[in-house]
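Spelled out, the chains give:
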Amino acid sequence: MKWIKNLESIIDKNTSGNCPFCNSINTDYSMHIIDDKTNMGYGVMIVKMHFIYRG
């Protein structure tokens, strides 16, 4: 249930908002509607990671 605010933000503002675990602003989402009549489908929310290699 930690992601419920993110789901509401996607519906209201078309943005996924901050990550509820690390508070990162680098979040993104993808949604695919399968049934247009009921608006049912599936979605994915991710936190984009940036890796820096030093060595």
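Right, let's walk through the structure included here. One numbering rule holds for all chains: residues counted from 1, following each sequence as written. For a predicted model such as this one, the threshold for reporting local features is a pLDDT of at least 70, and the threshold for listing and counting side-chain atom pairs is 80 or more; totals across whole chains, interfaces and linings nevertheless cover every residue. Hydrogen atoms and water are omitted, and side-chain values are computed over all heavy atoms in the structure.

### Regarding the overall build of the protein chain
- The number of helices and strands found in the protein chain is one helix and two strands.
- Helix and strand assignments follow DSSP, with helices taken as H or I runs no shorter than four residues and strands as E runs no shorter than two, numbered in order from the N terminus. In sequence order, the secondary structure elements of the protein chain are arranged as α-β-β.
- Buried means the residue's accessible area, taken with a 1.4 Å probe over protein chains only, is under 20% of the maximum for its type, while exposed means over 50%, and partly exposed covers the values in between. Taking all 55 residues of the protein chain together, the buried fraction comes to 13%.
- Two residues qualify as a contact provided that any one of their heavy atoms is within 4.5 Å of a heavy atom in the partner residue. By sequence separation, contacts in the protein chain at least 24 residues apart represent 13% of the contacts at least 6 residues apart.
- Note on areas: Shrake-Rupley, 1.4 Å probe, and residue coverage restricted to the protein chains presented here. Taken as a whole, the protein chain presents about 5100 Å² of accessible surface, with 57% of it coming from carbon and sulfur.

### Examining the side chain of Ser16
- Looking at where Ser16 falls in the secondary structure, it is placed in the loop between helix 1 (4-13) and strand 1 (27-35).
- We define a polar contact as two N or O atoms separated by no more than 3.5 Å, with the added condition that, inside protein, one atom must be a possible hydrogen donor and the other a possible acceptor, whereas residues neighbouring each other in sequence contribute only through side-chain atom pairs. In this structure the side chain of Ser16 is engaged in a polar contact, spanning 2.8 Å, whose partner is the side chain of Thr27.
- When near neighbours in sequence (up to four residues on either side) are disregarded, Ser16 contacts Asn6, Ser9, Ile10, Thr27, Asp28 and Tyr29.

### Digging into the packing of aromatic side chains
- Any two rings among Phe, Tyr and Trp, with Trp reduced to its six-membered ring, count as a pair given centres within 6.5 Å; such a pair is stacked if its planes are under 30 degrees apart, edge-to-face if over 60, and tilted if neither. This model, assessed by the stated rule, comprises one aromatic pair.
- Considering the side-chain rings of Trp3 and Phe21, the 6.1 Å spacing of their centres and the 55° angle between planes classify their relative orientation as tilted. Of the two residues, Trp3 sits in the segment before helix 1 while Phe21 sits in the loop between helix 1 and strand 1, which places them 18 residues apart along the sequence.
- Trp3 gets classed as partly exposed once you look at its relative accessible area, which sits at 25%.

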